[in-house]
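Here's the letter readout for the chains.
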Amino acid sequence: MKHPCFSLSEDNYNTVNEVRATLNIIASMGLNDTSDSCNQLSKDDLISVLLQAEQRLKQVLEETAKSFRS
């Protein structure tokens, strides 16, 4: 089976790195057991950040898929 080859634009590569850095910061903060709070981030803030990261990665995926099909 042949594996497709694709590349990310510089903007998309930077977006992926920004999301990766954001998720690493969140992971380093840690969660307190199963409570609703994090060390420095509320549960609502955490959900908001994760949703934004998801949307940014979906956008990168869509743009990459478009350029791959072209």
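My aim in this report is to walk through the structure given alongside it, one point at a time. Position numbers for residues count from 1 along each chain, tracking the sequence in the order it is written. Local features in a predicted model are, by the rule used here, given only for residues with pLDDT of at least 70; side-chain atom pairs are given and counted only at 80 or more, and totals for whole chains, interfaces and linings are based on all residues. Excluded from the side-chain calculation are hydrogens and water; included are all heavy atoms of the structure.

With respect to the side chain of T15
Move 1: Mapping T15 onto the fold places it in helix α1 (residues 10-29).
Move 2: The rule is simple: take the accessible area with a 1.4 Å probe, protein chains only, and divide by the maximum for that residue type; under 20% is buried, over 50% is exposed, in between is partly exposed. With relative accessibility at 14%, the residue T15 sits in the buried group. Per the convention used, a helix needs a DSSP run of H or I reaching at least four residues, while a strand needs a run of E reaching at least two, with both numbered from the N terminus.

Examining the pattern of salt bridges
Move 1: Salt-bridge detection follows one rule: a side-chain nitrogen of Lys or Arg within 4 Å of a carboxyl oxygen of Asp or Glu. Considering all chains together, one arrives at two salt bridges under this definition.
Move 2: Across the pair E18 and R56 runs a salt bridge, and its minimum N-O distance is 2.8 Å. Here the residue E18 occupies a position in helix α1, and R56 occupies one in helix α2 (residues 43-69), the gap between them amounting to 38 residues.
Move 3: Residue classification places E18 among the partly exposed residues on the basis of a relative accessible area of 40%.
Move 4: In this structure, K58 and E54 form a salt bridge, with 3.6 Å as the shortest nitrogen-oxygen distance.

Notes on a negative patch on the surface
Move 1: On the surface, E10, D11, E62 and E63 cluster together into a negatively charged patch.
Move 2: Examined against the element boundaries, D11 turns out to sit in helix α1. Patches were defined on residues exceeding 30% relative accessible area and lacking a salt bridge, with like-charge contacts within 9 Å and nonpolar side-chain contacts (Val, Leu, Ile, Met, Phe, Trp, Tyr) within 5 Å. In short, Shrake-Rupley with a 1.4 Å probe defines the accessible areas, and a residue's cover is counted only from the protein chains shown. Charged residues are defined narrowly, with Lys and Arg counted positive, Asp and Glu counted negative, and His plus the chain ends left uncounted. Note that the charge is assigned to NZ on lysines, CZ on arginines, CG on aspartates and CD on glutamates.

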